[in-house]
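Architecture and fold: a report
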Amino acid sequence: MNDNQDLLNKILLGIIAGLLLVILAGTITGLVGKKKNRPEVLISQGKAVSLMAPSETAETAYFELGTIRISCAAADSEEGGSVLVLSPWLAYPAGDTVFFEELSRKSGSIKGIFQAYFSARTKNQLLTETEERISQIIIEEINADLALGKVSDIYFTDYLFLE
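Right, let's walk through the structure included here.

Reading the values: rules and limits
- Residues numbered from 1 in each chain as written.
- Predicted model: local features only at pLDDT ≥ 70, side-chain atom pairs only at ≥ 80, totals over all residues.
- Heavy atoms only, no water.
- Helix = DSSP H or I, 4+ residues; strand = E, 2+ residues; numbered from the N terminus.
- Contact = heavy atoms within 4.5 Å.
- Areas by Shrake-Rupley, 256 points an atom, 1.4 Å probe, with all protein chains shown as cover.
- Patch = residues over 30% accessible without salt bridge, like charges linked within 9 Å, V, L, I, M, F, W, Y side chains within 5 Å.
- Salt bridge = Lys/Arg side-chain N within 4 Å of Asp/Glu carboxyl O.
- Buried < 20%, exposed > 50% of the residue type's maximum accessible area, 1.4 Å probe, protein only.
- Phe/Tyr/Trp six-rings, centres within 6.5 Å; stacked < 30°, edge-to-face > 60°.
- Lys NZ or Arg CZ within 6 Å of the ring centre and 35° of its normal.
- Expected span 1.5 Å × (residues − 1).
- Core = buried A, V, L, I, M, F, W, Y, C linked by side-chain atoms within 4.5 Å.
- Pairing = 2+ DSSP bridges.
- Axes fitted to C-alpha atoms, helices over the stretch in contact; angles between N-to-C directions.
- Parallel < 35°, antiparallel > 145°, perpendicular 65-115°, else oblique.
- Left-handed = near helix turned anticlockwise from the far one by under 90°.
- Nonpolar A, V, L, I, M, F, W, Y, C, P; charged D, E, K, R; others polar.

**So, the overall build of the protein**
Helices and strands together make up the secondary structure of the protein, namely six helices and four strands. In the protein, the succession of helices and strands from N to C terminus is α-α-β-β-β-α-α-α-α-β. Taking the contacts inside the protein whose residues are at least 6 apart along the sequence as the reference set, 70% of them involve residues at least 24 apart. Summing over all exposed atoms, the protein offers an accessible surface of approximately 10600 Å²; the carbon and sulfur share of this is 58%.

**Some points on a nonpolar patch on the surface**
Taken together, the side chains of Leu7, Leu8, Ile11, Leu12, Ile15 and Leu19 make up a nonpolar region of the molecular surface, amounting to roughly 570 Å² of accessible area. When you line up the elements, Leu8 lands in helix α1 (residues 2–32). Taking relative accessible area as the criterion, Leu8 reaches 48% and is therefore assigned partly exposed.

**Quick notes on the side chain of Ser82**
Tracing the backbone through its elements, the reader meets Ser82 in the loop between β2 (68–71) and β3 (83–93). Exposure remark for Ser82: the relative accessible area of 5% places this residue in the buried category. Once you skip the residues sitting within four places of it in the chain, Ser82 turns out to touch Ile70, Ser71, Cys72, Lys123, Phe161, Leu162 and Glu163.

**Overview of the packing of aromatic side chains**
On inspection of all chains with the given rule, the structure shows seven aromatic pairs. Every member of this aromatic cluster is reached through a ring pair, and the members are Phe114, Tyr117, Phe118 and Phe156. One Lys or Arg, Arg121, reaches over the ring of Tyr117 and ends 3.7 Å from the middle of that ring.

**Regarding helix α6 (residues 131–145)**
In an α-helix, one turn spans 3.6 residues, which is why side chains three or four residues apart end up on the same side. Over its 15 residues, α6 extends 21 Å from the first C-alpha to the last, a length consistent with the 21 Å expected when each residue adds 1.5 Å. What α6 keeps buried is the set Ile134, Ser135, Ile137, Ile138, Ile139, Ile142 and Asn143. In this structure, the buried residues of α6 make contact with β3, α4 (107–119), α5 (123–128) and β4 (153–162).

**Let's talk about the nonpolar core**
One finds Leu90, Leu103, Phe114, Phe118, Ile138, Ile142 and Ile154 to be the most contacted residues of the largest nonpolar core, which totals 28 residues. Excluding its chain neighbours within four sequence positions, the residues that come into contact with Phe118 are Ile70, Cys72, Ala73, Leu84, Leu86, Leu126, Ile134, Ile138, Phe156 and Tyr159.

**Concerning helix α3 (residues 97–105)**
Those residues of α3 that sit buried are Phe99, Phe100, Glu102, Leu103 and Ser104. Contacts from the buried residues of α3 go to β1 (59–62), β3, α4 and α6.

**Quick word on the pairing of β3**
The buried fraction of β3 amounts to eight of the 11 residues, a majority that puts the element mostly inside the structure. As paired strands, β2 and β3 are joined by four bridges and run antiparallel to one another. In the sheet register, Arg69 faces β3, and the bridge partner there is Val85.

**Quick look at the packing of α4 against α6**
Running from N to C, α4 and α6 point in directions that differ by 140°, and their axes come no closer than 10 Å. Looking at the two axes, α4 sits oblique to α6. As for the relative orientation of α4 and α6, their crossing is right-handed in sense. Two secondary-structure elements touch here, α4 through Ser109, Ile110, Ile113, Phe114, Tyr117 and Phe118 and α6 through Ile134, Ile137, Ile138, Glu141, Ile142 and Asp145. Class assignment of the residues belonging to the contact of α4 with α6 gives a composition of nine nonpolar, one polar and two charged.

**Looking at the side chain of Asn143**
Mapping Asn143 onto the fold places it in helix α6. When sequence neighbours within four positions are dropped, the list of residues in contact with Asn143 reads Lys150 and Val151.

Dropping the structure here:
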């Protein structure tokens, strides 16, 4: 019985040593290969919002909305609607840090305005509408939700339909 117990103890010690080795190797790998999470990277991925004051120019851009994926309404001949991928940014007066903070706080509702507008229209409706008209309608809706300033324009870095 003593030999069986010694063998069992050796097996258990081997398992514990193996687990410790795996944990140590994972920790070292994680520390050596750690990805730097710079603010620019996190903001571009939509995982952070910048609260820094904008630079001093006549007009500046609020680009922290990131990329938005929206399912458009389905046309009568389609089974499902197209997916629209857009990256909007908003123009507003530079130096207005209070308004910048309001935009940051309300970025979720601003994204909701984009979602509501584009999801209610089909791909064909959106393709026949001009960018200026779309921007004008969305600016009016966004500005109605804002209290401390007004967005002067909307620009789209990406405006792509996925099939």
